[in-house]
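For reference, the chains in residue letters:
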Amino acid sequence: MFEFHNEVEEFLIGTYQVDDIIRRWSIPSIGELDLFLPSHDLGIALYTASINAEMNFQKRVSLSQVHDVPIIHLWEDQWRYKREIIVSRLLSCLGKSIKIHGRQTVIRSLDSTTMVAFLEKNHLHVPLKARFRYGLYYKEELVAVAAFSKSRPMVREGVNYNSSELLRFCNKNGYTVVGGLSKLIAFFIDQQKPDDIMTYRDTDWPGGNAYRSLGFEETDSLPPFELWLNMRTGERHYPHRLMAEHIQDWKNIEISMIQDDQLAMRGLSRVVAGGSEKLIKRIKTI
């Protein structure tokens, strides 16, 4: 943990000249933030798989009570294995990414191969199959993408309507397309005419206000949950899927009964995903 902490701090100071870092910033009745950047009004909480999963979980839950300071919840495995993406997201939070205005870009439909390749390089989470895939191009360079599901029939207050999901959105590493998400959503609405759009926002990173400015409203939240980390490859797995597909002798055992030393023998460790916020943008009055 000490090495991880120092690396993040040295990166912020040495590469991006953040020189006002407060270490172990105390929050009354809550606990401590590992790093606080007063000039950006931004906190950073650090987590590592080498620390007991329950301790990481409690730290995450405790800090979730803080509402007046945006907090980045940064995991050591993502820092190690997905450094380029993490650096890009830090740059964006610090206002130091290369900015392109959405009006300078052109929207194009994307094939599945192009979308998956872009997401694998620029998004922290695994690509998902999407019915509709759009990209923003700036001078023939793909700089942002959005993936949407096909519409699904739903019922709200006894009325039938069609709902689509924004499955993924991200910018190219090192870039921020100002108004890019708004442009892509407006295009999707014009083309597919859904009655609403639902999405899940990763609460490990700030950004809720950006969605709210686009008309999204919070309707629910999913709590932190456990994943298993492959300590060799850095890949995160859903336990039930890993057990069903690759660990046959564990398939009839409750996940909660698997001990840390049993995971370690297979090169695995527990991590705690931060959960998510469910948001809906209502387009038509139901």
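First, a word on what this report is: a plain description of the structure on this page.

Conventions we followed
Residues numbered from 1 in each chain as written. Predicted model: local features only at pLDDT ≥ 70, side-chain atom pairs only at ≥ 80, totals over all residues. Heavy atoms only, no water. Helix = DSSP H or I, 4+ residues; strand = E, 2+ residues; numbered from the N terminus. Rg over C-alpha atoms; globule rule 2.2 N^0.38 Å. Contact = heavy atoms within 4.5 Å. Areas by Shrake-Rupley, 256 points an atom, 1.4 Å probe, with all protein chains shown as cover. Lys, Arg positive; Asp, Glu negative; His and termini not counted. Charge placed at Lys NZ, Arg CZ, Asp CG, Glu CD. Buried < 20%, exposed > 50% of the residue type's maximum accessible area, 1.4 Å probe, protein only. Arc of directions from axis to C-beta. Core = buried A, V, L, I, M, F, W, Y, C linked by side-chain atoms within 4.5 Å. Salt bridge = Lys/Arg side-chain N within 4 Å of Asp/Glu carboxyl O. Pairing = 2+ DSSP bridges. Axes fitted to C-alpha atoms, helices over the stretch in contact; angles between N-to-C directions.

What to know about the overall build of the protein chain
Along the protein chain, the regular secondary structure elements total nine helices and 17 strands. In summary, the protein chain has a C-alpha radius of gyration of 20 Å against a globular reference of 19 Å for 286 residues, a match within 12%. For the protein chain, the spread of C-alpha atoms along the three principal axes comes to 50 × 50 × 40 Å. Sequence separation of 24 or more characterises 69% of the internal contacts of the protein chain that already satisfy a separation of 6 or more. Element-wise, carbon and sulfur atoms account for 50% of the exposed surface of the protein chain, whose accessible area totals about 15200 Å². Considering the protein chain, the positive charge centre built from 36 side chains and the negative charge centre built from 36 side chains are found 8 Å apart.

Some thoughts on helix H5 (residues 112-122)
Buried residues of H5: Met115, Phe118, Leu119 and Asn122, and no others. The arc that holds the buried residues of H5, viewed along the axis, is 95°, so those residues lie on one side. In H5, the exposed positions that point more than 90 degrees away from the buried face belong to Thr113 and Glu120. Where H5 is buried, its residues meet helix H4 (83-93), strand S7 (132-138), strand S8 (141-148) and strand S10 (159-171).

Some remarks on helix H2 (residues 53-63)
For H2, the full list of buried residues reads Ala53, Asn56, Lys59, Arg60, Ser62 and Leu63. Close packing links the buried residues of H2 with strand S1 (22-27), strand S2 (31-37), strand S3 (42-47), strand S4 (71-75) and strand S16 (268-273).

Things to note about the nonpolar core
Counting 21 residues, the largest nonpolar core has Val8, Leu12, Ile44, Leu74 and Trp79 as its most contacted members. Secondary-structure elements contributing two or more residues to this core are helix H1 (2-16), S2, S3, S4 and H4. The element best represented in this core is H4, accounting for five residues. Beyond its immediate sequence surroundings of up to four residues, Leu74 is in contact with Phe4, Val8, Ile44, Ala45, Leu46, Tyr47, Trp79, Ile86 and Trp205. Listed in part, the 20 residues of the second largest apolar core include Tyr134, Ala146, Val177 and Leu184.

Thoughts on the pattern of salt bridges
In the structure shown here, the tally under the stated rule is 19 salt bridges. Residue Asp34 is joined to Lys59 by a salt bridge in which the shortest nitrogen-to-oxygen separation is 2.6 Å. Note that Asp34 is positioned in strand S2 and Lys59 in helix H2, a separation of 25 residues in sequence. There is no split in this pair, since Asp34 and Lys59 are both buried. A salt bridge links Lys284 to Asp195, with the shortest nitrogen-to-oxygen separation between them at 3.6 Å. Highlighted residues: Lys284 in the segment after strand S17 (276-282) and Asp195 in the loop between helix H6 (180-192) and strand S12 (196-202), separated in sequence by 89 residues. Counted as one network, the salt bridges with shared partners bring together Glu7, Glu76, Arg80 and Arg83.

Description of the sheet that holds S16
The three strands are arranged S15-S14-S16 in an open sheet whose pairing can be described as antiparallel. This sheet does not close on itself; its edge strands, each paired only once, are strand S15 (236-237) and S16. By the bridge criterion, six bridges tie strand S14 (residues 225-230) to S16 in an arrangement that is antiparallel. Opposite Asn230, over in S16, you have Leu268 as the bridge partner.

Describing the sheet that holds S3
One open sheet holds the four strands; their spatial order is S1-S2-S3-S4, and the pairing between them is mixed. A single partner strand is all that each edge strand has here, and the edge strands are S1 and S4. Averaged over neighbouring strand pairs, the angle between their axes works out to 40° when direction is ignored. As paired strands, S3 and S4 are joined by five bridges and run parallel to one another. Each residue of the ladder has a partner; that of Tyr47, found in S4, is Trp75. Strands S1, S2, S3 and S4 of the sheet are contacted by H2, whose axis makes an angle of about 165° with S3.

Observations regarding unusual backbone geometry
Notably, Lys139 is not glycine yet its phi reads approximately 50°, a positive angle. By secondary structure assignment, the location of Lys139 is in the loop between S7 and S8. For Lys139, a relative accessible area of 69% puts it in the exposed group. In this structure, Lys193 takes a positive phi of about 55° despite not being glycine. Position of Lys193 among the secondary structure elements: in the loop between H6 and S12. The exposed category is assigned to Lys193, whose relative accessible area is 53%.

Geometric values such as these leave the question of function open.
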